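# Chain and residue survey
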Amino acid sequence: MEQEFKQGYRMHRVLSNLNRLDVDRLDDADRERVETARDLLEEVSLLTRPGDGAGADAHADS
């Protein structure tokens, strides 16, 4: 259980750092990369959130 907590905490820190970036200073390609990274981290966060116990077994449709 502690490993899951550590992974969730790391994910939260990375997402927080991405949200703090001053994207106005980035070029278009980097801005798009940051946005994609944010979206992916938020999706993973939703899938791995232990709220109702279903998160660990949830799979995204591709």
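Residues numbered from 1 in each chain as written. Predicted model: local features only at pLDDT ≥ 70, side-chain atom pairs only at ≥ 80, totals over all residues. Heavy atoms only, no water.

The helix and strand tally for the protein chain stands at 2 helices and 0 strands. Taking all 62 residues of the protein chain together, the buried fraction comes to 11%. In the structure as shown, the protein chain presents an accessible area of about 5500 Å², 51% of it carried by carbon and sulfur atoms. (Helix = DSSP H or I, 4+ residues; strand = E, 2+ residues; numbered from the N terminus. Buried < 20%, exposed > 50% of the residue type's maximum accessible area, 1.4 Å probe, protein only. Areas by Shrake-Rupley, 256 points an atom, 1.4 Å probe, with all protein chains shown as cover.)

As a further point, take the pattern of salt bridges. Per the stated rule, a full pass over the model turns up 4 salt bridges. The salt bridge involving Arg-33 is made with Asp-30; its shortest N-O contact spans 2.6 Å. Placement of both Arg-33 and Asp-30 in helix α2 (residues 28–48) is noted, with a separation of 3 residues, approximately one turn of the helix. On the basis of relative accessible area, Arg-33 is assigned to the exposed category, the value being 53%. With a shortest N-O distance of 3.3 Å, Arg-38 and Glu-35 are connected by a salt bridge. With Arg-38 and Glu-35 both in helix α2, this residue pair falls 3 residues apart, about one helical turn. For Arg-38, a relative accessible area of 14% translates into the label buried. Judged by its relative accessible area of 38%, Glu-35 is partly exposed. (Salt bridge = Lys/Arg side-chain N within 4 Å of Asp/Glu carboxyl O.)

Moving on, we come to helix α1 (residues 2–20). The end-to-end C-alpha separation of α1 is 27 Å, in line with the 27 Å expected for 19 residues at 1.5 Å each. Residues of α1 that are buried: Met-11, Leu-15 and Leu-18. On an axial view of α1, the arc spanned by its buried residues comes to 60 degrees, and they lie on one face. Away from its buried face by more than 90 degrees, α1 exposes Glu-2, Phe-5, His-12 and Arg-20. (Expected span 1.5 Å × (residues − 1). Arc of directions from axis to C-beta.)

Taken over all residues, the pLDDT of the protein chain has a mean of 76, while the share at 70 or more is 74%. Overall, residues 53–62 carries pLDDT values under 50, and its contacts beyond four positions in sequence, including any with other chains, amount to 6 contacts. (pLDDT = per-residue confidence, 0-100. Contact = heavy atoms within 4.5 Å.)

Moving on to the side chain of Arg-38. A polar contact is formed between the side chain of Arg-38 and the side chain of Asn-19, at a distance of 3.2 Å. A polar contact is formed between the side chain of Arg-38 and the side chain of Glu-35, at a distance of 3.3 Å. (Polar contact = N/O pair within 3.5 Å; in protein donor to acceptor, adjacent residues only side chain to side chain.)

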